[in-house]
Amino acid sequence: GYFHTARSSPVMTPPSNTVVEAVEGKPDVASYEICTFSVDAYKVAPRYPQLNPPTRLLCGPGPGNADPRVLRAMSIPTIGHLDPAFLSMMEDIKDMLRYTWQTKNEFTIPVSGTGSAAMEACFANLLEPGDKIVIGINGYFGHRMADMATRYGAEVVTLTKPWGQVFSIEELSAALDAHKPAILALVHAETSTGACQPLAGVGELCHAAGALLLADCVTSISGVPCLLDQWGVDAAYAGTQKCMSCPPGVSPLSFSPRAMERLMKRESKVKNWYLDMKAIAAYLVGSGAGGARSYHHTAPVNMCYGMREALTIITEEGLEARWKKHRETAEFFWVELAKIGLECHVDHRYRLPSLTTVKVPEGIDAKAVCVYVLKTYNLEIGNGLGELLGKVWRIGLMGYNSRKEVAMSIVTALKDALFQQGFEGPK
């Protein structure tokens, strides 16, 4: 470290083993000197080998394996976050996100942070103290929604269903009539259970009741249909590390005109500076067509490279083809699971193609199976979460990993791991 000091001020005396030298090029050379400090608190520099993590097949609840094209894009040299080329790239991202979510929402952006950051952005911006919100809880992430809403001072009303089930349109309609909330929040794709909540018709109910519809699309975006405009979804957030096959670190967010109107009419400041979408809109959207943009934070430039490439792959493949691929791979996987004596936790009608919860057979140690396949096959699968801990495995076939050969690799590893514990399956 260095410090500069004027002769007229008290001069710090450097330790005896440091160097003091005149600074050249200053207006008054005699007025400055540089002292270099020696290390004190941590004297010996730690030595570590070059980073070399193991290569894994990531088939848990996320992250999944990134597409190689995405990893290559992330290695492109960084440019500035206010560079015109970067801002132009952000427009590409926003446009391709609109396609992926099937929306015309102008405010459709990448949030600097993982999916949980985009999740919190919804609650921080759309809720004010005392606002009422109805939250559907049929898994772990409904509880997280309720926790976030409570922290922002909302009056939280919860609807509950057993983990793995979904809410009917009648149940949601009754809740809107009874509680008259400002927002109804649902998890479209519940990562803890593998259930897909139907959203068709829900937005219409919400708008008739004067409420906004908020949806968690972390495990559904690009893997199953997400039709924000058709379903009347007003606020949606997602993650990149699942069906988009991009490492975590930046997350999609979309607000409808209704949601933006609510945001702009807030009576209080957004209580989260970093996730204040009013301020971020001035950076990513500007004051209008060709309007000036204001600095808010340093965007994760190379993560945005990765997101853009992931979206480019989605648009090249086409949404219908991508949805079909995920469904066909999942159906194949479910048949192969049955052949070795394993059952799925969620009813077929509401089962996510992107993430399957597999029932743990009686007498089997679920965690030991996860450990075995990781050590033996370099394969990651997930144990259950929350109420389903030890009762299911969570297995993702998402994006780049949504392939039949990957599904068969998982089945082979599971069959071996179960055999090690004495489970033989059907004869």
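Predicted model only: the values in this text are computed from it and were never measured.

Trainee: When you look at the packing of helix α10 (residues 301-317) against helix α11 (residues 319-339) in this model, what are you seeing that I'm missing?
Mentor: Axes are the key here: two packed helices are described by the angle between their axes and the distance separating the axes. Relative orientation of the contacting elements α10 and α11 amounts to 95 degrees, with a least axis distance of 6 Å. The angle between α10 and α11 falls in the class roughly perpendicular. Here α10 contributes I313, I314 and E317 to the contact with α11, which in turn contributes L319, A321, R322 and K325. Looking at the contact of α10 with α11 residue by residue, the class counts come to four nonpolar, no polar and three charged.

Trainee: Looking at this structure, how should I read the pairing of strand β13 (residues 355-359)?
Mentor: A regular strand places its side chains so that they alternate between the two faces of the sheet. Summarising burial for β13: four of the five residues are buried, a large majority. In this sheet, strand β16 (residues 392-396) lies alongside β13 in antiparallel orientation, the contact comprising five bridges. For T356, the partnering residue across the bridge sits in β16 and is I395.

Trainee: Please clarify how the nonpolar core should be interpreted in this entry.
Mentor: Nonpolar side chains in soluble globular proteins generally cluster together in the buried interior. Judged by nonpolar contacts, the single largest core of 91 residues is most densely connected at F123, L253, F255 and M277. Element by element, the count of residues in this core is highest for α10, at nine residues. Counting residues in each nonpolar core, the second largest holds 28 residues, with A330, L379, I395 and A413 among its members.

Trainee: So what exactly am I meant to see when it comes to the layout of surface pockets here?
Mentor: With a probe scaled to a water molecule rolled over the atoms, the places where space remains empty come into view. Of the volumes computed, that of the largest pocket is approximately 240 Å³. Around the largest pocket sit 17 residues that line it, and H188, C196, V224, P225 and R327 are the ones nearest its centre. Here the residues of the lining of the largest pocket are counted per class, giving eleven nonpolar, three polar and three charged.

Trainee: Help me out: how do you make sense of the pattern of salt bridges in this one?
Mentor: Side chains bearing opposite charge may pair, as long as their charged atoms lie close to each other. Inspection of every chain in the model, using the stated rule, returns 18 salt bridges. Between K324 and E328 there is a salt bridge, and its shortest N-O distance comes to 2.6 Å. Here E328 and K324 lie together in helix α11, a separation of four residues that amounts to about one turn. A relative accessible area of 51% places K324 in the exposed class. On the accessibility criterion, E328 (39% relative accessible area) is partly exposed. What emerges from the salt-bridge pattern is a single network uniting R69, E309 and E316.

Trainee: What exactly am I supposed to notice about unusual backbone geometry here?
Mentor: Trans is the common state for peptide bonds, and a negative phi is the common state for residues other than glycine. Here the amide bond leading from G62 into P63 is cis, since omega sits at 5 degrees, within 30 degrees of zero. Here P63 is to be found in the loop between β3 (57-58) and α1 (68-74). Backbone geometry places K180, a non-glycine residue, at a positive phi of 45 degrees. Mapping K180 onto the fold places it in the loop between α5 (169-179) and β7 (183-187). Overall, the relative accessible area of 62% leaves K180 in the exposed class. Of note in the backbone geometry, S222 takes a positive phi value of approximately 75 degrees without being a glycine. In this fold, S222 is placed in the loop between β10 (212-216) and α7 (228-231).

Trainee: What's the story with the packing of aromatic side chains in this structure? I'm lost.
Mentor: Here the distance between the centres and the angle between the planes together describe a pair of aromatic rings. Summed over all chains, the structure comprises two aromatic pairs. Taking 5.6 Å as the distance between ring centres and 35 degrees as the angle between the ring planes, the aromatic pair formed by F107 and F255 counts as tilted. Linking F107 in strand β4 (residues 107-112) with F255 in strand β12 (residues 250-255), this pair joins segments that are 148 residues apart in sequence. Owing to a relative accessible area of 4%, F107 belongs among the buried residues under this scheme.

Trainee: How should the side chain of N65 be read in this particular structure?
Mentor: Tracing the backbone shows N65 in the loop between β3 and α1. Taking relative accessible area as the criterion, N65 reaches 17% and is therefore assigned buried. A polar side-chain atom of N65 sits 2.7 Å from the main-chain amide nitrogen of L58. Residues within four places of N65 in sequence aside, it is in contact with R56, L57, L58, S245, Y400 and N401.

Trainee: Honestly, the side chain of D234 in this entry has me stumped. Any pointers?
Mentor: Take D234: it is sitting in the loop between α7 and β11 (235-237). What makes D234 buried here is its relative accessible area of 0%. A polar contact is formed between the side chain of D234 and the side chain of H207, at a distance of 2.7 Å. What D234 contacts, discounting residues up to four positions off in sequence, is H207, A211, L212, L213, S254, F255, S256, R258 and A259.

What counts, and at which threshold
Residues numbered from 1 in each chain as written. Predicted model: local features only at pLDDT ≥ 70, side-chain atom pairs only at ≥ 80, totals over all residues. Heavy atoms only, no water. Axes fitted to C-alpha atoms, helices over the stretch in contact; angles between N-to-C directions. Helix = DSSP H or I, 4+ residues; strand = E, 2+ residues; numbered from the N terminus. Parallel < 35°, antiparallel > 145°, perpendicular 65-115°, else oblique. Contact = heavy atoms within 4.5 Å. Nonpolar A, V, L, I, M, F, W, Y, C, P; charged D, E, K, R; others polar. Buried < 20%, exposed > 50% of the residue type's maximum accessible area, 1.4 Å probe, protein only. Pairing = 2+ DSSP bridges. Core = buried A, V, L, I, M, F, W, Y, C linked by side-chain atoms within 4.5 Å. 1 Å grid on protein atoms, 1.4 Å probe; cavity = no way out; pocket = protein on both sides within 12 Å on 5 of 7 lines; lining within 4 Å. Points joined across faces, edges and corners; volume = space filled by probe spheres on them. Salt bridge = Lys/Arg side-chain N within 4 Å of Asp/Glu carboxyl O. Phe/Tyr/Trp six-rings, centres within 6.5 Å; stacked < 30°, edge-to-face > 60°. Polar contact = N/O pair within 3.5 Å; in protein donor to acceptor, adjacent residues only side chain to side chain.

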